[in-house]
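Chains, contacts and geometry: an overview
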Amino acid sequence: MDVILGLTTKDAVIVATSMAAVRGVSILKADDDKTRIVAPHTLVAYTGEAGDTVQFAEYVQANIQLHGIRNETELSPPAITSFVRSELAKSLRSRKPYQVNILIGGYDTATETPYLYWVDYLASRAQVPYAAHGYAAYYTLSLLDRWYKTDLSLEEGMKIMEMCVTELRTRLPIDFKGIQIKIIDRDGVRTA
Amino acid sequence: MADRYSFSLTTFSPSGKLVQIEYAFQAVNQGVTSLGIKASNGVVLATEKKSTSDLIDASSLSKISNITPDIGMVYSGMGPDFRVLVDKARKSSHTNYKRIYNEYPPTRILVQDVARTMQEATQSGGVRPYGVSLLVGGYDVDNGFSLYQVDPSGTYFPWKATAIGKGSTSAKTFLEKRWTEDLELEDAIHIALLTLKESVEGEMNGNTVEIGVIGPASDHLLGFEGVKNVPGPRFRKLSPREIDDRLDAL
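Residues numbered from 1 in each chain as written. Chains lettered and ligands numbered in written order. Predicted model: local features only at pLDDT ≥ 70, side-chain atom pairs only at ≥ 80, totals over all residues. Heavy atoms only, no water.

With that settled, the discussion passes to a negative patch on the surface. Residue and element names in this part refer to chain B. On the surface, Glu181, Asp182, Glu184 and Asp187 cluster together to form a negatively charged patch. Assignment of secondary structure puts Asp182 in the loop between helix H4 (168-178) and helix H5 (185-199). For Asp182, a relative accessible area of 60% puts it in the exposed group. (Patch = residues over 30% accessible without salt bridge, like charges linked within 9 Å, V, L, I, M, F, W, Y side chains within 5 Å. Areas by Shrake-Rupley, 256 points an atom, 1.4 Å probe, with all protein chains shown as cover. Salt bridge = Lys/Arg side-chain N within 4 Å of Asp/Glu carboxyl O. Lys, Arg positive; Asp, Glu negative; His and termini not counted. Charge placed at Lys NZ, Arg CZ, Asp CG, Glu CD. Helix = DSSP H or I, 4+ residues; strand = E, 2+ residues; numbered from the N terminus. Buried < 20%, exposed > 50% of the residue type's maximum accessible area, 1.4 Å probe, protein only.)

Here the focus is the confidence of the model for chain B. Put simply, chain B has an average pLDDT of 94, and 99% of its residues get 70 or more. Taken together, the chains of this predicted complex give a pTM of 0.85 and an interface ipTM of 0.74. (pLDDT = per-residue confidence, 0-100.)

Now for the interface of chain B and chain A. Listed by partner, the interface residues are 10 residues for chain B and 13 residues for chain A. Here chain B meets chain A over a buried area of about 920 Å², counting both sides, of which 50% is carbon and sulfur. It is B:Ile100, B:Tyr101 and B:Arg108 that lose the most area in chain B upon contact with chain A, and together they represent 46% of the buried surface on that side. Viewed at the interface, chain A and chain B are joined by zero salt bridges. In this structure, the connection of chain B to chain A is made through five residue pairs in polar contact (both at pLDDT 80 or more). (Contact = heavy atoms within 4.5 Å. Buried area = accessible area lost by both parts, 1.4 Å probe. Polar contact = N/O pair within 3.5 Å; in protein donor to acceptor, adjacent residues only side chain to side chain.)

A few words on the nonpolar core. Residues and elements named next belong to chain B. The biggest cluster of nonpolar side chains holds 26 residues, and the ones touching the most others in it are Ile37, Leu193 and Ile211. Listed by contribution, the elements that provide at least two residues to this core are strand S1 (34-39), strand S2 (42-48), strand S8 (161-164), H4, H5, strand S9 (209-214) and helix H6 (240-248). By residue number, the principal contributor to this core is H5, which donates seven residues. Residue contacts for Leu193: discarding those within four places in its chain leaves Met204, Val209, Ile211, Ile243, Arg246, Leu247 and Leu250. (Core = buried A, V, L, I, M, F, W, Y, C linked by side-chain atoms within 4.5 Å.)

This part takes up the layout of surface pockets. The volume enclosed by the largest pocket comes to roughly 1,300 Å³. Taken together, 41 residues form the lining of the largest pocket, with B:Asn102, B:Glu103, B:Tyr104, B:Val141 and B:Pro231 sitting closest to its centre. Broken down by secondary-structure element, the contributors of at least two residues to the lining of the largest pocket are helix H2 (77-92), strand S7 (100-108) and strand S8 (113-119) of chain A together with helix H2 (79-101) and strand S5 (132-140) of chain B. Ranked by residue count, the leading element in the lining of the largest pocket is H2(A), at four residues. When the residues that make up the lining of the largest pocket are grouped by side-chain class, the tally is 21 nonpolar, 11 polar and nine charged. Here the second largest pocket defines a volume of roughly 520 Å³. Along its surface, the second largest pocket is lined by 21 residues, and A:His67, A:Arg70, A:Asn71, B:Asn96 and B:Tyr101 are the ones closest to its centre. Those elements that provide at least two residues to the lining of the second largest pocket are helix H1 (52-71) and H2 of chain A together with H2 and helix H3 (107-120) of chain B. Ranked by residues supplied to the lining of the second largest pocket, first place goes to H2(B) with six residues. The residue makeup of the lining of the second largest pocket, split by class, is eight nonpolar, eight polar and five charged. (1 Å grid on protein atoms, 1.4 Å probe; cavity = no way out; pocket = protein on both sides within 12 Å on 5 of 7 lines; lining within 4 Å. Points joined across faces, edges and corners; volume = space filled by probe spheres on them. Nonpolar A, V, L, I, M, F, W, Y, C, P; charged D, E, K, R; others polar.)

On to the packing of aromatic side chains, then. What characterises a pair of aromatic rings is the spacing of the ring centres plus the angle enclosed by the ring planes. A full pass over the atoms with the stated rule returns 10 aromatic pairs over all chains. Consider the rings of A:Tyr115 and A:Tyr117, whose centres lie 6.0 Å apart with planes at 5°: the pair is stacked. Assigned by exposure class, A:Tyr115 and A:Tyr117 land together as buried. Ring geometry for B:Tyr75 versus B:Phe82: centroids 4.4 Å apart, planes at 20°, classification stacked. Assigned by exposure class, B:Tyr75 and B:Phe82 land together as buried. What links up through ring pairs into an aromatic cluster is the set A:Phe83, B:Tyr97 and B:Tyr101. Above the plane of the ring of B:Phe174 lies B:Arg178, whose end atom (NZ or CZ) is 3.9 Å from the centre. (Phe/Tyr/Trp six-rings, centres within 6.5 Å; stacked < 30°, edge-to-face > 60°. Lys NZ or Arg CZ within 6 Å of the ring centre and 35° of its normal.)

All names here are of chain A. Reading across the sheet, the five strands line up as S5-S6-S7-S8-S9 and stay open at both edges, with antiparallel pairing between neighbours. The open sheet terminates on both sides in strands that have one partner only, identified here as strand S5 (35-39) and strand S9 (125-127). Taking each pair of neighbouring strands and ignoring which way they run, the sheet shows an average axis angle of 20°. As paired strands, S7 and S8 are joined by seven bridges and run antiparallel to one another. From the neighbouring strand, Ile102 faces S8, where its bridge partner is Val119. On top of the sheet, H1 reaches S5, strand S6 (42-48) and S7; it is set at about 15° to S5, its chief contact. (Pairing = 2+ DSSP bridges. Axes fitted to C-alpha atoms, helices over the stretch in contact; angles between N-to-C directions.)

Listed below in structure tokens is the structure:
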């Protein structure tokens with residue numbers, strides 16, 4: 001029931017994640033961050049099997065940070081996504097694959113373009129203008145199809161995101177304890 | 001063979017030198033001159049194609065090779081050692097980079113990889129150092145055009161312009177006088193030919209001189225057309241005709 005959404009605007013990517021961490025019949029915390037910053041201009045949001053999610057996200061984070069330290073350079077969002085996808089592909093034919101679905105939001109400083117990728121546990125990858133994983137997709141994709149246009153300003157993007165969150169609050173049967181917004185642009189990753 | 005030669009053949013002398021590497025440098029300095037020049041909009045690599053006989057089919061031999069579509073390499077020293085390094089660099093650019101990140105490595109990272117290979121030959125069992133110095137020219141989005149030299153020891157340096165091999169000292173002095181910050185690619189090719197002329201012993205024409213250029217993307221060299229967002233390679237070799245035209249203009 002975790003919510004992760006993504007949306008690209010003209011110069012930025014907006015990533016929204018729900019804040020409830022649920023195990024069984026209890027809510028463990030209401031301020032859970034379902035993202036990891038893997039590079040100065042790239043964020044990975046995750047959802048899926050408990051444990052696999054954080055382990056895989058932190059594995060990606062460690063590898064990308066090591067690359068940055070060794071080579072004194074930042075990998076572009078497409079390059080990072082290729083790495084993430086190839087690791088999931090390797091995991092898929094192992095004894096116990098990582099059951100993690102991911103959204104990668106990044107800003108390529110070299111070409112000054114925002115990128116959003118939808119990647120799932122089967123190692124599919126799609127570059128998309130907007131995305132969602134899980135049940136949230138059933139409700140939000142239709143709104144995004146209706147209201148999204150190219151070259152949105154940040155405020156317009158945030159308004160569309162608000163519409164999506166309102167819809168989820170109305171229609172999802174569980175309280176997901178609100179949404180945390182992350183914005184990725186030329187200045188890096190920040191919380192809205 | 002590996003267990004009988006698990007000790008390195010490159011060992012320190014009492015004065016603290018690695019004599020095998022010094023000897024490798026000798027092999028490089030006996031080799032034909034090669035040079036590289038970085039311009040504001042490209043890199044030129046040039047070398048003489050010295051043949052021992054007029055019966056040799058010069059067109060079948062290639063001393064300047066591309067490693068990725070945007071990176072090229074030339075050498076001074078032992079040709080066979082160069083071939084091995086080219087093959088390793090080409091393979092490594094795929095297995096250690098492109099097959100992970102789906103893009104070709106930037107120049108510096110490829111150079112570091114080649115340098116590591118050459119260093120390993122100075123500290124491993126049963127092998128000798130590579131008898132070549134390399135000049136690697138390339139382009140990548142983050143760093144633009146760059147030129148690197150790699151030595152038999154595994155050291156690598158970035159250069160604005162340099163020469164290696166037999167006539168390298170005088171060639172470097174020549175280049176020092178002529179290199180400027182705002183050189184364009186055509187000027188750099190012109191200077192490269194002038195510099196080579198000083199060290200070439202025989203005739204200098206499109207068949208005895210090889211020039212490689214890393215410049216603007218050449219979409220016509222892709223081998224296909226009609227696919228969007230696929231830039232052509234930046235590395236290309238000048239044909240003998242193109243070289244002759246420029247030699248006439250000298």
